[in-house]
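An overview of the molecular structure
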Amino acid sequence: MISSFHKFLLRFLLGVASLSGLCFSCTRGLQTGTLTVRYVTNGVYEIYKMAGEHPLQFVSETSSQFNDRITLLPGSYMILADCSSEIVNIYPGSDVVLVAHQVNFVPLQPPSEKDKFSIQCIRSERTHIRQSLNNHFSLAVLAGTRELLVGMVPLRLDMPISESKESRVVSHLLSYISVQNAGTDSAEDFFVSPVGGVTPFTENQHPGSKLYVIHGKYDLQLNGTALIIDLKEGESRTIIPGKFTVGTSPNANISRAEKVLGAPLFAELNGEHYLDLNTAYSVLPGTLNIRLSTSFHAKPFKISEGENLKIMARNIIVDLNCTKDDWSCLGSKKVLLYEKGKTNYFAESQTDIPILFFEDDVSIGVEGGRNIKASVSSADDQVFSVGFLEVTPTPQHRAGVLTDLMRVEASGGKITGASLDLAVDKSTIIPLIPGQYHLAEYTFTTSDGSRRKTSQNVNITAANTVKLEIPTYLSEKKMTILTGTLDLQQ
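Residues numbered from 1 in each chain as written. Predicted model: local features only at pLDDT ≥ 70, side-chain atom pairs only at ≥ 80, totals over all residues. Heavy atoms only, no water.

Concerning a nonpolar patch on the surface
A cluster of nonpolar side chains, contributed by Val-106, Leu-108 and Leu-173, occupies part of the molecular surface with about 200 Å² of accessible area. In this fold, Val-106 is placed in strand 7 (residues 95-106). (Patch = residues over 30% accessible without salt bridge, like charges linked within 9 Å, V, L, I, M, F, W, Y side chains within 5 Å. Areas by Shrake-Rupley, 256 points an atom, 1.4 Å probe, with all protein chains shown as cover. Salt bridge = Lys/Arg side-chain N within 4 Å of Asp/Glu carboxyl O. Helix = DSSP H or I, 4+ residues; strand = E, 2+ residues; numbered from the N terminus.)

Structure follows, in structure tokens:
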């Protein structure tokens, strides 16, 4: 049997245990705190439980609804909303209240699926969590100072917490840029970047669709053309591009250039953008600086908004009369173009392919007779089928007489100038535009210091070679080196 003493002791111990349980329940009730994130409407934010600072570690994550009061165990938590975060410390019995504001970016018109609006930001500086939002026009941003990149432009949001800790709505009216489709074969994207911005950021958009931005100055680019646009808040700008083509005659064998040179002929727009010939491109209104691949200098052309501009390049071919597949002959000589009254050539190409140009009054020269130029008529698709002159010197020595210079000179008319000096001791073959020439030799007499010119007429016809032998007079030393013997002429 249990004695009275043992019964008393048992009741005492049970009472202590019961009291301890009650106190433990009270203590557990005080071990948690609460968090509320106020917002003007419904929505979800994220919660991360932090386990360590160095390095930063998280042990769990969850989400909660705005405006709900939730219970959390003591500790540090990272609260994440749109483009914002806060670290909160939960203590037993604490009641933490955060505020998120609604930031609206208001488009002028309801956006379509193809329209574009971008926001980039850092959600948390501590974790470097970045956020990229596309066509997201309303954000729930925690109160404070936040930095966003809105449509390529930095935007600073200063949203303090009021004494009443009420959530409010902040609105920004958007502008937009659009480029219409010019109806070209390919629908090229246009590119937009802020002018003077510290962030080198560019957005692209399809023609016919809108790119939403905040107010400011922007650089619009399309196919190598550019236009500066200054947008006010809520302003819209739709550009109607021009349609631009660099054309050539249908008779010009443009494709042959790629076979001979290994590269196609093309046009260069504004020094950086290559255009295919006979192809329409969408361009922004303004001045177009066009350089043909065979020319050294660009020529300006103006195009207006919505204009269809086609400029025609003239062409000339210098035909060396090569056989069809003689690649050692095809394109083997340079062809040079000169403007009237200028000594330096402005365009360079090769024989047997078209040389393209825009200029009106030009002359043409062929390598080998570089300073001999033939004037070109205004007709397009001209072909100059060259002939050849083969000059063979017959060197000899005559005391006191030296051949000072030997060259080919034009007889006048549409052909002008003279060739470079010809060798006086070996044969030279010169390609020449068909016409009348002189083969001139200048001799110097040492006894009296006189200089005498002798010449003979040469008629060059297309695809034919004229062969001439001409005596030349060398010094005793040169003649001995050349022949090993001395051929004296009295």
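Some points on the environment of Leu-56
Residue position: Leu-56 is located in the loop between strand 2 (44-52) and strand 3 (57-65). The spatial distance from the C-alpha of Leu-56 to the C-alpha of Leu-157 is 27 Å, given a sequence separation of 101 residues. With residues up to four places along the chain from it excluded, the contact list for Leu-56 reads Met-50, Arg-126 and Thr-127. (Contact = heavy atoms within 4.5 Å.)

Here's the deal with the sheet that holds strand 16 (residues 203-205)
Strand order in the open sheet made by the four strands is 16-15-18-19, with antiparallel pairing throughout. Of all the strands in the sheet, the pair left with one neighbour each is strand 16 and strand 19 (225-231). Neighbour to neighbour, the strand axes of the sheet diverge by 25° on average, direction disregarded. When strand 18 (residues 216-222) meets strand 19, the two strands line up antiparallel, connected through seven bridges. Of the residues in strand 19, the one forming a bridge with Leu-222 is Thr-225. (Pairing = 2+ DSSP bridges. Axes fitted to C-alpha atoms, helices over the stretch in contact; angles between N-to-C directions.)

What about the side chain of Thr-245?
Relative to the helices and strands, Thr-245 resides in strand 21 (residues 242-248). In this structure, Thr-245 is in contact with Asn-278, Thr-279, Ala-280, Leu-309, Lys-310 and Ile-311, ignoring residues within four places of it in sequence.

Describing the packing of aromatic side chains
Here the structure, examined in full by the defined rule, presents eleven aromatic pairs. Between Tyr-39 and Phe-66, the aromatic rings sit 4.7 Å apart at their centres with planes inclined by 40°, giving tilted as the arrangement. Taken together, the residues Tyr-39 in the loop between strand 1 (33-38) and strand 2 and Phe-66 in the loop between strand 3 and strand 4 (70-72) connect sequence positions 27 residues apart. The class of Tyr-39 is buried, set by a relative accessible area of 9%. Taking 5.6 Å as the distance between ring centres and 50° as the angle between the ring planes, the aromatic pair formed by Phe-105 and Phe-117 counts as tilted. Residue Phe-105 is located in strand 7, and its partner Phe-117 is located in the loop between strand 7 and strand 8 (118-124); the two are separated by twelve residues in the primary sequence. Taking relative accessible area as the criterion, Phe-105 reaches 1% and is therefore assigned buried. Aromatic rings pair up to connect Phe-105, Phe-117, Phe-137, Tyr-176 and Tyr-212 into one cluster. Cation over ring: Lys-210 sits above Tyr-176, and NZ or CZ is 5.4 Å from the ring centre. When the ring centre of Tyr-338 is taken as origin, the NZ or CZ atom of Lys-373, which lies over that ring, is 4.2 Å away. (Phe/Tyr/Trp six-rings, centres within 6.5 Å; stacked < 30°, edge-to-face > 60°. Buried < 20%, exposed > 50% of the residue type's maximum accessible area, 1.4 Å probe, protein only. Lys NZ or Arg CZ within 6 Å of the ring centre and 35° of its normal.)

Re the nonpolar core
Ile-364, Val-408, Tyr-437 and Leu-439 are the most contacted members of the largest nonpolar core, which has 40 residues in total. Those residues in contact with Leu-439 that lie beyond four places of it in its chain are Val-391, Met-406, Arg-407, Val-408, Leu-422, Thr-454, Ser-455, Gln-456, Val-458, Leu-468 and Ile-470. (Core = buried A, V, L, I, M, F, W, Y, C linked by side-chain atoms within 4.5 Å.)

Some details on the state of the cysteines
Across all of its chains, the model carries two disulfides by this definition. Across the disulfide, Cys-83 is cross-linked to Cys-121 (sulfur-sulfur distance 2.0 Å). One quick way to see it: the torsion about the S-S bond of Cys-83 and Cys-121 is about -75°, and its sign makes the bridge left-handed. On the criterion of sequence distance, the pair formed by Cys-83 in the loop between strand 5 (75-81) and strand 6 (84-90) and Cys-121 in strand 8 is long-range, its members being 38 residues apart. Cys-121 carries the same exposure label as Cys-83, and that label is buried. Disulfide pairing places Cys-322 opposite Cys-329 at an S-S distance of 1.8 Å. Here the S-S torsion is close to -65°, and the disulfide linking Cys-322 with Cys-329 is therefore left-handed. For the pair Cys-322 and Cys-329, a shared accessibility class is recorded, and that class is buried. In the protein, the bonded cysteines, numbered by position in the sequence, are linked as 1-2, 3-4. (Disulfide = S-S within 2.5 Å.)

Some remarks on the pairing of strand 34 (residues 387-396)
Of all ten residues that make up strand 34, seven are buried, and the element is covered over most of its length. With five bridges joining them, strand 34 and strand 37 (residues 428-432) adopt antiparallel strand pairing. Directly across from Leu-389, in strand 37, lies its bridge partner Ile-430.

Focus on the environment of Leu-320
For Leu-320, the location among the structural elements is in the loop between strand 27 (308-319) and strand 28 (334-339). Using a relative accessible area of 7% as the deciding quantity, one classes Leu-320 as buried. Each C-alpha atom, one on Leu-320 and one on Lys-333, is 8.4 Å from the other, the two residues being 13 residues apart in sequence. The contact partners of Leu-320, leaving out residues within four places of it in the chain, are Cys-329, Ser-332, Lys-333, Thr-351, Asp-352, Val-386 and Phe-388.

Structural notes on the sheet that holds strand 5
Pairing is antiparallel across the open sheet formed by four strands, whose spatial order is 3-2-5-6. What marks the edges here is a single partner per strand, and that holds for strand 3 and strand 6. Geometrically, the sheet is characterised by an average inter-axis angle of 25° between neighbouring strands, direction not taken into account. As paired elements, strand 5 and strand 6 share seven bridges and run antiparallel to each other. Bridged to Ala-81 within strand 6 is Ser-84.

Regarding the pattern of salt bridges
Applying the stated criterion across every chain, the model contains 13 salt bridges. Between Glu-409 and Arg-407 there is a salt bridge whose closest N-O contact spans 2.8 Å. Residue Glu-409 pairs with Lys-453 through a salt bridge whose shortest N-O separation is 3.0 Å. Taken together, the positions of Glu-409 in strand 35 (residues 401-410) and Lys-453 in strand 39 (residues 450-460) put the pair 44 residues apart, joining distant regions of the chain.

Topic: unusual backbone geometry
Positive phi, close to 55°, is recorded for Cys-83, a residue that is not glycine. Here Cys-83 falls in the buried class, since its relative accessible area comes to 2%. Positive phi, normally seen in glycine, also occurs at Ala-463, with a value near 65°. Tracing the chain through its elements places Ala-463 in the loop between strand 39 and strand 40 (465-473).

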